[in-house]
Amino acid sequence: MRAFGDYNPRITAIYFAIIIGISMLCMNPVLQCLSFLGGLLYFVISDEDGLRLKTHAFYGAVFLITALINPLVSHNGVTVLLVVNDNPITLEAVIYGVFAALAIVTALYWFRCFSGVMTSDKLLYICGGLSPRISLVISMSLRFVPLFRRHYREVRLAQTALGVYKDETFGSRLKGGVAVFSSMVTWALENGIVTADSMTARGYGTGRRSFFSDYKVRKNDLIMLFIVVCLGVVTILSIAVGALTVDFYPAFCWKGLSGWSVSGVVAFGLLCFIPVFVEIGEKIKWHFLTLKI
Amino acid sequence: MALFDVKNLSFKYPGGHEHALEDVSFCVNKGEFVVVCGDTGSGKTTLLRLLKKELSPMGEKRGNVLFEGQDVLELPEREAAGKIGYVMQAPEQQIVTDKVWHELAFGLENLGVPKDVIARRVAETASYFGIENWYDKDVNELSGGQKQLLNLAAVMVMNPSVIIFDEPTSRLDPIAASNFISTIKKLNENLGITVIISEHRLEELIPLCDRLMVLRNGKVVSLGEPREVIEGLCGEKDGIVEAMPGAVRLYREMGAEGRCPLTVKEGRGFVENFGNRVCSLPEKNKEKIEKKDEKYALEFKNVFFRYGKNLPDVLKDLDFFVRQGEVFCVLGGNGAGKSTMLLSAMSFLRPYSGEIRVFDKKLRDYRGQSLFDNLVGFLPQNVQTLFLKDTAKEELAGDITALPFDVAGYLSKHPYDLSGGEQQLVGLAKVLMQKPKILLADEPTKGLDAAKKREIGNIFRKLGEQGVTVVAVTHDAEFAAEFADRCGLLFKGKIVAEATPHKFFAENNYYTTSAAVMSKGYYDGAVTIADLAKLCRLNESGNVKDGVSG
């Protein structure tokens, strides 16, 4: 079964860049809502944490806090709702706060989806196309971090058993910590020599490297790329001509309906829901395919 | 034509006083399986590295190493990297990238091989080595044996004509090691890959190899067909015989006459020549019972532990005790819970049920770090985790003469510059400086040569005599048989068998020593080569006496 995450990583990366870019840069309430719904729905169906209340509660809290802060610190706007300590709370500031908070939460959801889809393999593939050397550095770091962490745990354990932390005072703990860290550096350098040997033994540095990955660009990927780019261009154009501009201050004001604004909203709406369409479409297709098994 | 032709090779490290190699000459033919053995510091690694262009050490070199008639140092870079494979000791540190598939492709990427060729070679190699199932995994998730297999596969993918191994199995457990060796044999036999391998543990390699080379102090002492070489060595009382298969050691004990047995099968034939009129050693029955009255130093009572709510039990009703002054060896396969057992004995892990007592006091009643205050010492599997200072002398600040062994020779060096065995001794010394009453040791003999193993074993025995309790988790049956007071077999988080070594190994069929296997059903309770030799001698003299009287 091919889900949205199974499209060629470069295309998924382009998609996420367009969506997150537009959602963060264009403060249009309609676009914000579309993007939020698209991101949320995609997260719910694709991620294993999608139905965990805890995750959503966290984003809800982020939303509430950021939405509340704006009217408390910003006193622009013409419609005063109430006055707290001589400071006016305005309707415009409240509305702006709500949509700014929505923009943040939306971006969080999309990033969450992005990290679920972009495994390290895929990131490497994307970087590898640009520079095989950078991709190797990333890959080696990804390898080294868990190794370092595990060794650190082992050292701490061994040193605890040696009584390094015996005194339990802050000073002795700090001293122990410093000693452990410096030994970690020695260890890392010492073991780095073996890794370097293993690299040269296998021909590292003998000339231009090639780059291997399992990903291919298929016909589906090209179709997807075409759709994404078209919808993205339409949206960006309609933003560029100002049809989707909304003013929050001093008073809330929008440009009204026009050919540009409608096509911009429709294009962006479709764009936001592409992953959801793909996932649901695949599920339905898969359901019928399993009937044949 | 010879694949490698080494002519009068001498080598000296910069600043070194003695030659690391002196006038070494030999040939390796295509498709040969050559084992290089020698004590630590005999120049094995230096020799092997000089065969590989990229790893050749800097220093003063005389003589030549020819590969297919050409000096290795003059080989074109990419050809040299691809044709001569090299696998080192440390499974972990040789791996460069984070994914198994990427590691396989790494060498070919370096050589600039086109993507579609890499795809085919990687796929082919992965399926030959049975790597498909973990092809997409992170390398961190692999076991030690899988890591070393990956290192081998990552070299094989470059299509080498020879692979050089520098102690590839010394950090693996016995089962992974023997799988690895059989893979090497398969490569040699089915694909015609030339193999040059150095190793401490020769038990399984000797019967496989075509030629055996013995190095001592940088010189080739002997080179030839393994049986001849070994028969020659046994005559000379050479220390390297300690590392040889059990059958060879028995042969030497018995005076090194006639044809030398190499395998367990041949060893059994050798034993049966002596007859079995006397079946068991009389004094073995009342061995080491004097510690019966000592109190318990460490006690596990129905201990259960798991790493997560929904994960399986790792310790499952674990129940055993160790008396004060005992040397207790716990044997068992990977994942049996050996390390978990040690960690929970130090309260690094908390069992969810059951009780652990140290000197009859519950573990949780030891406040703060008082457990490690002259009470429990821990020798971890990786001794490098013990070292924090720049010299061994600083590590061992204090009175080193109180130690049951001598470390004076190592003091001036950086701990990392010591050999594996020396590191182990310095690490053990550092732990013992804390004067623990219980020493917990995790795989204390891993990667050590026979001489260092014996040294560690003797230290454990001495500690036992001084009233220090030693609990060692080990894979090494030969070690446990010789130096333990009692052995336990841990299986699925539970001690399923527990007895004195001579009973324990005599009753085991698989988890046992080569002496026990060679004499199974023929003699009773001969678990070490020394026991077996004693029995053979008793029977031999019996035969002679009969001959005289008859």
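Cut-offs and rules
- Residues numbered from 1 in each chain as written.
- Chains lettered and ligands numbered in written order.
- Predicted model: local features only at pLDDT ≥ 70, side-chain atom pairs only at ≥ 80, totals over all residues.
- Heavy atoms only, no water.
- Contact = heavy atoms within 4.5 Å.
- Buried area = accessible area lost by both parts, 1.4 Å probe.
- Salt bridge = Lys/Arg side-chain N within 4 Å of Asp/Glu carboxyl O.
- Helix = DSSP H or I, 4+ residues; strand = E, 2+ residues; numbered from the N terminus.
- Nonpolar A, V, L, I, M, F, W, Y, C, P; charged D, E, K, R; others polar.
- Patch = residues over 30% accessible without salt bridge, like charges linked within 9 Å, V, L, I, M, F, W, Y side chains within 5 Å.
- Areas by Shrake-Rupley, 256 points an atom, 1.4 Å probe, with all protein chains shown as cover.
- Pairing = 2+ DSSP bridges.
- Axes fitted to C-alpha atoms, helices over the stretch in contact; angles between N-to-C directions.
- Parallel < 35°, antiparallel > 145°, perpendicular 65-115°, else oblique.
- Left-handed = near helix turned anticlockwise from the far one by under 90°.
- Buried < 20%, exposed > 50% of the residue type's maximum accessible area, 1.4 Å probe, protein only.
- Polar contact = N/O pair within 3.5 Å; in protein donor to acceptor, adjacent residues only side chain to side chain.
- Phe/Tyr/Trp six-rings, centres within 6.5 Å; stacked < 30°, edge-to-face > 60°.
- Lys NZ or Arg CZ within 6 Å of the ring centre and 35° of its normal.
- pLDDT = per-residue confidence, 0-100.
- Right-handed = clockwise from strand over helix to strand, strands pointing away.

Asks: Please give an account of the interface of chain A and chain B that cites residues and values.
Replies: Counting residues at the interface gives 51 residues for chain A and 59 residues for chain B. Summed over both partners, the interface of chain A with chain B comes to about 5,000 Å²; 56% of that surface belongs to carbon and sulfur atoms. Seen at the junction of chain A and chain B, the total is 6 salt bridges. Between Arg 49 of chain B and Asp 197 of chain A there is a salt bridge, and its shortest N-O distance comes to 2.8 Å. Looking at the side of chain A that touches chain B, the elements with two or more residues in it are α5 (120-130), α6 (132-161) and α7 (170-201) of chain A. By residue number, the principal contributor to the side of chain A that touches chain B is α6 of chain A, which donates 16 residues. A class-by-class count of the residues in the side of chain A that touches chain B yields 22 nonpolar, 17 polar and 12 charged.

Asks: Quick one: what's the story with a nonpolar patch on the surface, residue by residue and with numbers?
Replies: All names here are of chain A. On the surface, Phe 252, Trp 254, Leu 257, Val 262, Val 266, Leu 270 and Phe 277 cluster together into a nonpolar patch covering about 740 Å² of accessible area. Per element, the largest residue contribution to the nonpolar patch is 4 residues, and it comes from helix α9 (residues 259-292). Looking at the secondary structure, you find Phe 277 in helix α9.

Asks: Residues and numbers for the sheet that holds strand β15 (residues 361-362) of chain B, please.
Replies: Residues and elements named next belong to chain B. In space, the 4 strands of this open sheet follow the order β12-β11-β14-β15, with antiparallel pairing throughout. One side of each edge strand has no neighbouring strand; the edge strands of this open sheet are β12 (315-323) and β15. Two strands pair when backbone bridges link them, and strand β14 (residues 353-358) and β15 are joined in this way by 2 bridges, in the antiparallel orientation. Bridged to Arg 357 within β15 is Lys 362.

Asks: Can you break down the packing of helix α4 (residues 100-110) of chain B against helix α5 (residues 115-128) of chain B residue by residue, with the values?
Replies: Residues and elements named next belong to chain B. Running from N to C, α4 and α5 point in directions that differ by 140°, and their axes come no closer than 10 Å. In terms of their interaxial angle, α4 and α5 are classed as oblique. Here the hand of the crossing between α4 and α5 comes out right-handed. Along its contact with α4, which presents Leu 104, Ala 105, Leu 108 and Glu 109, the element α5 presents Ile 118, Arg 121, Val 122 and Ala 126. Considering only residue class, the contact of α4 with α5 consists of 6 nonpolar, no polar and 2 charged.

Asks: Outline the side chain of Glu 395 of chain B, listing residues and values.
Replies: All names here are of chain B. Along the chain, Glu 395 turns up in helix α12 (residues 392-395). Overall, Glu 395 belongs to the buried group, its relative accessible area being 6%. Engagement of the side chain of Glu 395 in a polar contact is seen with the backbone nitrogen of Lys 389, the distance being 2.5 Å. At 2.7 Å, the side chain of Glu 395 and the side chain of Lys 430 are in polar contact. Once you skip the residues sitting within four places of it in the chain, Glu 395 turns out to touch Leu 386, Phe 387, Leu 388, Lys 389, Pro 415 and Lys 430.

Asks: Describe the side chain of Ser 42 of chain B, listing the residues and the values that go with them.
Replies: Residues and elements named next belong to chain B. Mapped onto the elements, Ser 42 comes out in the loop between β3 (33-37) and α1 (44-50). Judged by its relative accessible area of 3%, Ser 42 falls in the buried class. At a separation of 2.7 Å, a polar atom in the side chain of Ser 42 contacts the main-chain carbonyl oxygen of Asp 39. Ser 42 has contacts with Ala 20, Leu 215, Arg 216, Asn 217 and Gly 218, leaving out every residue within four places of it along the chain.

Asks: If you had to explain the packing of aromatic side chains to someone new, which residues and values would you point to?
Replies: Each aromatic ring pair is characterised by the separation of its centres together with the angle its planes make. Evaluated as defined, the whole model comprises 40 aromatic pairs over all chains. A ring pair is formed by Phe 304 of chain B and Tyr 352 of chain B, whose centres lie 6.1 Å apart and whose planes are at 45°; its orientation type is tilted. Taken as a pair, Phe 304 of chain B in strand β11 (residues 296-305) and Tyr 352 of chain B in the loop between α11 (338-345) and β14 lie far apart in primary sequence, 48 residues in all. Through a chain of ring-to-ring contacts, three or more aromatic side chains come together here, namely Phe 4, Tyr 7, Tyr 15, Phe 16, Tyr 42, Trp 110 and Phe 114 of chain A. The cationic tip of Arg 10 of chain A hangs over the ring face of Tyr 125 of chain A; the distance from NZ or CZ to the ring centre is 4.6 Å. A cation over an aromatic ring shows up here: Lys 186 of chain B above the ring of Tyr 128 of chain B, its NZ or CZ 4.7 Å from the ring centre.

Asks: Quick rundown of the confidence of the model for chain B? Include the residues and the values.
Replies: Summarising the model, chain B shows a mean pLDDT of 90, and 96% of its residues fall at 70 or more. Quick note on the complex model: pTM equals 0.85, ipTM equals 0.87.

Asks: How would you explain the pairing of strand β17 (residues 438-442) of chain B if you had to name every residue and give the values?
Replies: All names here are of chain B. With 5 of its 5 residues buried, β17 lies for the most part within the structure. Because side chains alternate across β17, one face comprises the buried residues Ile 438, Leu 440 and Asp 442, and the other comprises Leu 439 and Ala 441, equally buried. Where β17 meets strand β18 (residues 469-474), 5 bridges bridge the pair, whose relative direction is parallel. Residue pairing across strands places Ile 438 opposite Thr 469, the latter belonging to β18. Viewed along the sheet, the connection from β17 through helix α14 (residues 450-465) into β18 turns out right-handed.

Asks: Provide a residue-level description of the sheet that holds strand β2 (residues 21-29) of chain B, including the pertinent values.
Replies: Residues and elements named next belong to chain B. Judged by pairing direction, the sheet is antiparallel, and its 4 strands sit side by side in the order β2-β1-β4-β5 without closing on themselves. A single partner strand is all that each edge strand has here, and the edge strands are β2 and β5 (70-71). The pairing of strand β4 (residues 60-67) with β5 spans 2 bridges and is antiparallel. For Phe 67, the partnering residue across the bridge sits in β5 and is Gln 70.

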